[in-house]
Amino acid sequence: MIDLWLAALLFKMAAAAAIVVACSVIAERSGPLLAAMIATLPISSGPVYVFLALEHDAAFIAAGSPGSVVADLANAGFSVGYILMAQRFGTVVSLGTALAGWLASVVVLRWLALPFLVLVVLLPVVFGAVHLWARPYLAARPSAPPPRAWFIIPMRAAIVALVAGGVTALSNAAGPSLTGVLATMPVVLSSLCAFLQPRIGGPATAAVIANSQLGLIGFGFGLASLHVTALPLGVWGALAVGLVICVAWNGMLMALDWRRRTAGARRAQA
């Protein structure tokens, strides 16, 4: 069991590091939408749930899922705080405000103890509202980034891996509800902010976070599905369903954006 725990921990650390490095490079070169769609896939939280599935039964996974939905909803507080502050302030102030917003949102939502169905309904309502509010910030683009020192990418990977490993180890000592929250902490989003803002600026980094709002709806639906499917399908079937929901949702968003851009290009040529 110790070997399984260590293997899952290392996998989680490597996955989180890889996704942050990939998203940061994509955002520098390809724009915020694609980076946001990748960042809102469960590549960070997914390995945590795989680790939990190796140690706990389906009932534990089902009980922890609502906590993860709460943590996902709290990303709205993270996003609003970061988008606002990144327009004028540096990385430390912007990211610190975002994390404070996430933590405050988690505390309030856990205190309210909303029913599971209410949490699910809030996903499109909350993130849809933040998306509409953040529309003026969606299109910001970076100026040409400065040359990247050779050690920047390895340093990104090492820092994110250490943070992700610490979260995973801590979650092992908590109950299912708190574990669900810890498993879905905004490690990837906060790491993106920390590493992107010094290179491409606050407004362009805020555009990545703004573009992530609709993706966070599908991410929340995927997490919520664990609560419904873990007992009838087993932990592995439930994890597979959650992954399919997240990937299909973000794929749909990318397809809709492509159709919108194509239609716009045709109208411009007419």
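Our subject is the structure that appears above.
Residues numbered from 1 in each chain as written. Predicted model: local features only at pLDDT ≥ 70, side-chain atom pairs only at ≥ 80, totals over all residues. Heavy atoms only, no water.

## Considering the overall build of the protein chain
Phase 1: Across its full length, the protein chain holds twelve helices and zero strands.
Phase 2: Seen in sequence order, the protein chain has helices and strands lined up from the N terminus as α-α-α-α-α-α-α-α-α-α-α-α.
Phase 3: Within the protein chain, buried positions represent 51% of all 270 residues.
Phase 4: Look at the contacts in the protein chain between residues 6 or more apart in sequence, and 84% of them connect residues 24 or more apart.
Phase 5: Roughly 12,100 Å² of accessible area belongs to the protein chain as shown, and the carbon and sulfur atoms make up 74% of that amount. (Helix = DSSP H or I, 4+ residues; strand = E, 2+ residues; numbered from the N terminus. Buried < 20%, exposed > 50% of the residue type's maximum accessible area, 1.4 Å probe, protein only. Contact = heavy atoms within 4.5 Å. Areas by Shrake-Rupley, 256 points an atom, 1.4 Å probe, with all protein chains shown as cover.)

## What to know about a nonpolar patch on the surface
Phase 1: A surface patch of nonpolar side chains, about 250 Å² in accessible area, is lined by Val50, Leu54 and Trp236.
Phase 2: In this structure, leucine 54 sits in helix α3 (residues 45-55).
Phase 3: Overall, the relative accessible area of 31% leaves leucine 54 in the partly exposed class. (Patch = residues over 30% accessible without salt bridge, like charges linked within 9 Å, V, L, I, M, F, W, Y side chains within 5 Å. Salt bridge = Lys/Arg side-chain N within 4 Å of Asp/Glu carboxyl O.)

## Digging into unusual backbone geometry
Phase 1: The phi torsion at alanine 113 lies on the positive side, around 50 degrees, for a residue other than glycine.
Phase 2: Here alanine 113 shows up in the loop between α6 (91-112) and α7 (116-133).
Phase 3: Since its relative accessible area comes to 56%, alanine 113 is described here as exposed.

## Comments concerning the packing of α3 against helix α4 (residues 58-73)
Phase 1: Closest axis-to-axis distance for the α3/α4 pair is 10 Å, and the angle between their directions is 155 degrees. Here α3 is positioned roughly antiparallel relative to α4, judged by the angle of their axes. Here the hand of the crossing between α3 and α4 comes out right-handed. Where α3 approaches α4, its residues Tyr49, Leu52 and Ala53 are matched on the opposing element by Phe60, Ile61, Gly64, Ser65 and Ser68. (Axes fitted to C-alpha atoms, helices over the stretch in contact; angles between N-to-C directions. Parallel < 35°, antiparallel > 145°, perpendicular 65-115°, else oblique. Left-handed = near helix turned anticlockwise from the far one by under 90°.)

## Examining the environment of glycine 202
Phase 1: Along the chain, glycine 202 turns up in helix α11 (residues 202-211).
Phase 2: The spacing of glycine 202 and methionine 85 is 117 residues in sequence and 8.3 Å in space, taken between C-alpha atoms.
Phase 3: If near-sequence neighbours (up to four positions away) are discounted, glycine 202 is found in contact with Tyr82, Ala86 and Gln197.

## Some remarks on the pattern of salt bridges
Phase 1: By the definition in use, this model includes two salt bridges.
Phase 2: A salt bridge links arginine 260 to aspartate 257, with the shortest nitrogen-to-oxygen separation between them at 2.7 Å. Placement of the pair is arginine 260 and aspartate 257 together in helix α12 (residues 213-269), with a separation of three residues, close to one helical turn.
Phase 3: For the salt bridge of aspartate 257 with arginine 261, the shortest nitrogen-to-oxygen distance reads 2.7 Å. Here aspartate 257 and its partner arginine 261 are both found in helix α12, four residues apart, which amounts to about one turn of the helix.
Phase 4: Taking the relative accessible area as the measure of exposure, aspartate 257 reaches 15% and is therefore buried.
Phase 5: Residue arginine 261 is classed as partly exposed on the basis of its relative accessible area of 46%.
Phase 6: Residues joined by salt bridges that share partners form a network here, namely Asp257, Arg260 and Arg261.

## Thoughts on the nonpolar core
Phase 1: Tyr49, Leu52, Ile61, Val69, Leu73 and Phe127 are the most contacted members of the largest nonpolar core, which has 31 residues in total.
Phase 2: Elements represented by at least two residues in this core include exactly α3, α4, α7 and α12.
Phase 3: With eleven residues, the single largest contributor to this core is α12.
Phase 4: When residues no more than four places from it in sequence are discounted, the contact partners of leucine 52 are Phe60, Ile61 and Thr179.
Phase 5: Listed in part, the 30 residues of the second largest apolar core include Val106, Ala134, Leu192 and Ala206. (Core = buried A, V, L, I, M, F, W, Y, C linked by side-chain atoms within 4.5 Å.)

The quantities given are spatial measurements derived from coordinates; they are silent on function.
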